[in-house]
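Architecture at a glance
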Amino acid sequence: MEADKPKKVTIFQTAKRSLQFFRIGLAAKKLQRTQNEIERLLAKQALVGLFADARGITMKVGQLFAGNDGSTPFQALVEGIEPLPLKTLIPLLETAFGKKIKSVFRSIEPAIAAASLGQVHLAELKNGDEVAVKIRYPDISDAVDAELRLVGLLPGIGPVSRWGFDLDAYKRSLRDNMHRELDYRSEAQRQDYFGRAVQVAGLRVPEVYKDLCSEGVLVQSRAQGVLIDKISDWSEQDRRSIAQTLMLTLFKSLFVAGEVHGDPHPGNIFYSHDENGRPLVTLLDYGCTITIAEQRRLALLKLIVGCRERSAIKPLDCFSALGFDSKKLAPISGSLPALCQILFRPFLVSHPFSPDQWRLGPAFNDLLGDYRWWFRSAGPSDLFLLMRAFQGLIQQLQQLDINLPWWPLLQQAVGRELIQQAMAYELPVIEQEATATALSFDQQASKLCVCVTDGGEQRVSLAMPAEAALDLEHLIPENVLERIIRSGKIDLKQLSYSLRANGITPQQLFIFNDGSKTYKVWLE
């Protein structure tokens, strides 16, 4: 009978988490359908309560809502939920230390808030050091395993099925990351490495007390500060300093250290001033970090620089080195130079860039249409964590109301030598059939040209970014568009499709004669 006990616990946990998922699904559905603002607020509060009660992976999803929503109910998940009583966790601490807590701490306080996998207590060591003690919840490993089993049952439907997403790879990535987050020894090692490898002015990484860390307990130096929503009234100079620290931290961690903080929700960053009054950013919680191998770091840097300089580099080769499926990308390889112009737009200028001008989603969709799913399905399964890190940075810049020059700061973070190393890096050879139609950046047209003559005299001469060629139907005046369509000689939809498939390269797009007027449109 004892041998059957773990199996019974597993079945019970899975059933319990299934019920929680079902309740959250119903609450989310109700929120989606609710129109009245008061009812929406009440629905959000109910949904937050369910997220908080579930903890584990489910609560992490709720924290993502907080990052995007910014409303008061979801903010509660960022600032913390009702913690467990300290007396419940003392046996866990004493088991981890192998001794009574009185022999380790002068004092330890009840937790004021709790997170998704554990809760933090402020304490003072016997030597007088002030520390924070993160304690993993009892039985949270079983709860997370139950959630992961439910994730494993998710079917491949919709875009996941149609566009060939490797759902198993995403499930494995989620499983591996959650198991790493549950092991505080692993987190302590990564936090220690991050603190040594990512040296940025204005950044503080709490010191880890390795001899006191175990699988379920992490002890680190105490951090103080406020969350980002409390610093909107700080001076512009302070907010700009903070924004630069955040950006340099991401760039240096990605390209130099190869270890990126993958959980940038607002509750993981404290803001304060040091003893000299300078702004200080304290980065917390290293349970979810992304390890980026040197090959991938160099390929990404080469891709950004090649896009900026419009060099002879082929984006397909770089994407392949980043872990993308080159065979999947081959049918849209002609669009990759233009796609990079969209993805890396902040790096293409040297002046401060406003994220509000990016329009990343609409521009991405305009370029690829439904094939955006093909591009996403070709990407490696850990890509969503890296995208989450950049999304977190963009949200922080918007909340700080600060625009920064991305390219100069990237140069500052990585240095000239690493950029030269990236440009000299020889990309791995990929199969020939996958590169047959691959275009390089220097083959990409730089501008769309329009010339209108009337009776042989030039009336209009325009030049605009080459990507505008994908939206000719909306650029052409309605009366002219109607006559082009009636003529049946020019298929603008087919022209747009051809540009997406084969690339926005220098070429004549069309000449349309309309009485005494001639409309000539080309790329150069």
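Our focus in this paragraph is the overall build of the protein. Per the secondary structure count, the protein includes 22 helices and 13 strands. Expressed as a percentage of its 524 residues, the buried residues of the protein come to 51%. Summed over its atoms, the accessible surface of the protein is roughly 25,900 Å², and 52% of this surface lies on carbon and sulfur atoms.

Turning next to empty space enclosed by the protein. Under the definition given, this model contains 2 cavities of 30 Å³ or more. Considering only enclosed or pocket space, the largest cavity measures out at about 190 Å³ in volume. Around the largest cavity, the lining is made up of 16 residues, and of these L246, T249, L250, H261 and L283 lie nearest the centre. Listing elements by their share of the lining of the largest cavity, those giving two or more residues are α10 (236-257), β6 (259-261), β8 (279-283) and α17 (383-400). By residue number, the principal contributor to the lining of the largest cavity is α10, which donates 5 residues. Tallied by class, residues from the lining of the largest cavity come to 10 nonpolar, 6 polar and no charged. Elements with a minimum of two residues in the lining of the second largest cavity: β7 (269-273) and α17. With 4 residues, α17 is the single largest residue contributor to the lining of the second largest cavity. Among the residues forming the lining of the second largest cavity, the class breakdown is 5 nonpolar, 6 polar and no charged.

For the rest of this paragraph, the subject is the sheet that holds β8. Backbone-to-backbone hydrogen bonds pair the strands of a sheet. The strands run either parallel or antiparallel. Ordered in space as β4-β8-β7, the 3 strands form an open sheet in which the pairing is mixed. Taken across any chain shown, the strands that pair with only one partner, and hence form the sheet edges, are β4 (203-204) and β7. Both β4 and β8 contribute to a ladder of 2 bridges, which runs parallel. Bridge assignment links R204 to a residue of β8, and that residue is T282. Those strands touched by α10 are β4, β7 and β8, and its axis lies near 35° from that of β8.

What follows covers the side chain of R222. Note on placement: R222 falls in the loop between β5 (217-221) and α10. Buried charge without a salt bridge: R222, with E130 as the nearest opposite-charge side chain at an N-O distance of 4.1 Å. Dropping the residues within four chain positions of it, R222 is found in contact with L122, A123, E124, E130, V131, A132 and R204.

The next thing to look at is the pairing of strand β11 (residues 457-465). Regular strands show a simple pattern: their side chains alternate between the two faces of the sheet. Buried residues are scarce in β11, accounting for 0 of its 9 residues. With 8 bridges connecting them, strand β10 (residues 447-454) and β11 associate as antiparallel partners. The residue bridging V452 from the neighbouring strand is V460, located in β11. Connecting β10 to the next strand, β11, in antiparallel fashion are 2 residues, including G455 with a positive phi near 65°.

This brings us to the environment of V208. Summarising the element assignment, V208 is placed in the loop between β4 and β5. The class for V208 is buried, based on a relative accessible area of 9%. Placed 77 residues apart in sequence, V208 and V131 show a C-alpha to C-alpha distance of 9.4 Å. When residues no more than four places from it in sequence are discounted, the contact partners of V208 are A188, Q191, D192, C213, V219 and Q220.

Below, the discussion takes up the pairing of strand β2 (residues 118-125). Of the strand pairs in this sheet, strand β1 (residues 105-108) and β2 are connected by 3 bridges, and their pairing is antiparallel. In the sheet register, S107 faces β2, and the bridge partner there is E124.

Turning to the confidence of the model for the protein, a few remarks are in order. Where the model shows low pLDDT, its predicted coordinates should not be examined in detail. Residues with a pLDDT of 70 or more make up 76% of the protein, whose mean pLDDT is 82. Scored below 50 in pLDDT, residues 38-72 shows 87 contacts in the model against residues more than four places distant or in partner chains. The low-confidence segment residues 150-157, where pLDDT is below 50, has 12 contacts with residues more than four positions distant or belonging to other chains.

Conventions adopted
- Residues numbered from 1 in each chain as written.
- Predicted model: local features only at pLDDT ≥ 70, side-chain atom pairs only at ≥ 80, totals over all residues.
- Heavy atoms only, no water.
- Helix = DSSP H or I, 4+ residues; strand = E, 2+ residues; numbered from the N terminus.
- Buried < 20%, exposed > 50% of the residue type's maximum accessible area, 1.4 Å probe, protein only.
- Areas by Shrake-Rupley, 256 points an atom, 1.4 Å probe, with all protein chains shown as cover.
- 1 Å grid on protein atoms, 1.4 Å probe; cavity = no way out; pocket = protein on both sides within 12 Å on 5 of 7 lines; lining within 4 Å.
- Points joined across faces, edges and corners; volume = space filled by probe spheres on them.
- Nonpolar A, V, L, I, M, F, W, Y, C, P; charged D, E, K, R; others polar.
- Pairing = 2+ DSSP bridges.
- Contact = heavy atoms within 4.5 Å.
- Axes fitted to C-alpha atoms, helices over the stretch in contact; angles between N-to-C directions.
- Lys, Arg positive; Asp, Glu negative; His and termini not counted.
- Salt bridge = Lys/Arg side-chain N within 4 Å of Asp/Glu carboxyl O.
- pLDDT = per-residue confidence, 0-100.

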